[in-house]
Each structure stands twice: as structure tokens, then as C-alpha cells.
Amino acid sequence: MAAPLTMFCCGCSLGSGAVTILLFHVAVCASYTACVCCNLIFHNPVFGSDWSIPAQLIYAGFCLIGLPVIVGGLWGVLQRVEGHVRLYFFYLLCSVLVNCGAMTYWLVFSDACDPDKDEAWLCGALRSSSYLLVTASVLLQAYVLWVIWSFCEDIHVGRNGWELWELLPSKDQLVKKWRYQQDGPTSDIIGFALSKLPGAYGTLHEEEPGFLG
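Residues numbered from 1 in each chain as written. Predicted model: local features only at pLDDT ≥ 70, side-chain atom pairs only at ≥ 80, totals over all residues. Heavy atoms only, no water.

Colleague: What is the right way to read the overall build of the protein chain from this model?
Modeller: Across its full length, the protein chain holds five helices and zero strands. Secondary structure elements of the protein chain occur, N-terminal to C-terminal, as α-α-α-α-α. Residues counted as buried form 25% of the 213 residues belonging to the protein chain. In the protein chain, of all internal contacts separated by at least 6 residues, the share reaching a separation of at least 24 is 65%. (Helix = DSSP H or I, 4+ residues; strand = E, 2+ residues; numbered from the N terminus. Buried < 20%, exposed > 50% of the residue type's maximum accessible area, 1.4 Å probe, protein only. Contact = heavy atoms within 4.5 Å.)

Colleague: Quick question: what am I supposed to make of a nonpolar patch on the surface here?
Modeller: Where nonpolar side chains cluster on the molecular surface, the patch consists of V46, F47 and W51 and spans about 290 Å² of accessible area. In this fold, W51 is placed in the loop between α1 (14-40) and α2 (53-79). (Patch = residues over 30% accessible without salt bridge, like charges linked within 9 Å, V, L, I, M, F, W, Y side chains within 5 Å. Areas by Shrake-Rupley, 256 points an atom, 1.4 Å probe, with all protein chains shown as cover. Salt bridge = Lys/Arg side-chain N within 4 Å of Asp/Glu carboxyl O.)

Colleague: Just checking my understanding: could you explain the packing of helix α3 (residues 82-109) against helix α4 (residues 120-157) for this structure?
Modeller: At a minimum axis distance of 10 Å, the contact between α3 and α4 shows a crossing angle of 170°. One element, α3, and the other, α4, form an angle in the roughly antiparallel class. (Axes fitted to C-alpha atoms, helices over the stretch in contact; angles between N-to-C directions. Parallel < 35°, antiparallel > 145°, perpendicular 65-115°, else oblique.)

Colleague: Quick question: what am I supposed to make of the side chain of N39 here?
Modeller: Assignment of secondary structure puts N39 in helix α1. A polar contact is formed between the side chain of N39 and the side chain of Q56, at a distance of 3.2 Å. Not counting residues up to four positions away in its chain, the partners in contact with N39 are N44, P45, V46, F47, G48, S49 and Q56. (Polar contact = N/O pair within 3.5 Å; in protein donor to acceptor, adjacent residues only side chain to side chain.)

Colleague: Whenever I open this one, the layout of surface pockets confuses me. Can you help?
Modeller: Summary: where empty space remains is shown by rolling a probe the size of a single water molecule over the atoms. For the largest pocket, the calculated volume is near 1,200 Å³. Lining the largest pocket are 34 residues; nearest its centre among them are V28, Y59, N99, S137 and Q141. Secondary-structure elements contributing two or more residues to the lining of the largest pocket are α1, α2, α3 and α4. Among the residues forming the lining of the largest pocket, the class breakdown is 24 nonpolar, nine polar and one charged. (1 Å grid on protein atoms, 1.4 Å probe; cavity = no way out; pocket = protein on both sides within 12 Å on 5 of 7 lines; lining within 4 Å. Points joined across faces, edges and corners; volume = space filled by probe spheres on them. Nonpolar A, V, L, I, M, F, W, Y, C, P; charged D, E, K, R; others polar.)

Colleague: Sorry if this is basic, but what is going on with the nonpolar core here?
Modeller: Note on soluble globular proteins: their nonpolar side chains tend to be buried together. Membership of the largest hydrophobic core comes to 29 residues, with the highest contact counts inside it found for I21, V85, Y88, L92, I148 and F151. Residue contributions to this core peak at eight residues, all from α4. (Core = buried A, V, L, I, M, F, W, Y, C linked by side-chain atoms within 4.5 Å.)

See below:
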């Protein structure tokens, strides 16, 4: 079994990678749904117009079902909720299987060139290019699945959960207040930063009243 990834695209965090994948996926689903509307409602042929009407409707329904799942997965990534991201992972797995099946059908039952019109060298180049394109697409989708699964595993074991400072209410005000209290001419001297020694003439610090006032 493959080990979970620790980063995305050789340097980015898994969280940023998961957000990127989710945003791209929701854009793809919305775009294909718009293409089906153009093909069947407005009779303006665009991408997928050569598909049969039942195939277009089924795939558009699959995309519409995925839109709330993707939005929920995006919320789960931002809030570190494993259940939402895990549900999106299974939907993404179904999407990858459907896409791989469609590409396999296209390679087996259709040809990238027309042997009656195209020359042999051109047919060979087109077929090789189609094989390379399908292989690259399958590898890319497998990597996307790996990233989302790795993020789910990180949430499960606690590596991608909330940090302690992120759990504090009004943490920004607390950090600013703490930094302001640490500023001063002796803030860089060990032991002086937290002490309450009297300052020089004109200092803003007031001396505390003694026991007798």
C-alpha cells in the first residue's frame, strides 16, 4: 500500500493542493453542465455534442450530484473535517473510474485518424499521441486521488488538524497584545523581557505603589 504524501507538487502543502483540486473539479462539473445545456436546450453544439442524448444527461446528472459534494469537501478541507473530505474522495474515485472507462471506450471503439483519407505516418502519429494523452490523464487523476487520500489520512492521525494557537478565541488580538507588551529597549535581553524593572527618565512604565503607598 502506498504511503501518504507529505506535500503537493514538490513544495506546497496538502491543504493547498486539496483546495486547488476541489476548485478545479467544481469548475469542470459546472462547465460540463453548461455544455449540456448549450447542446440540448439552446441547440448550440459545443463539447460533448457528438455524445448520445442519454449519455449527456446521465453525465450531467452525475456532475450536478457532485457539486454539493465538492462544496462540502471544500468546507471539510478548510475546517479539517475528515467525513466531508472522505465523502468527496469516494465521489472523486467514481469520477476517475467513469473517466477512465470513457477514455478506454474511446481508444478501443474509435480511431483518431481516418485510414481512407490520412496517410500512414499521420495515423501513426495521431494514435501515438492519443495513447500518450490517455496515459498522462490516467496518471494525473491517480495522483489527484493520492493527494486527497493523503489529506484524509493526515486529518485522521491529527497531522493536519488545528494548531493550539488556532483554537484560541480572538487570537489576533491576544498575539498583538502580547507582542506590544514585549516591545521595549530590553526586549532582546534574556530575563529582562518579562521583568518589571523601573525604566529610565521619561519612560511610559509607571512604578507600582509600595506597601505603604
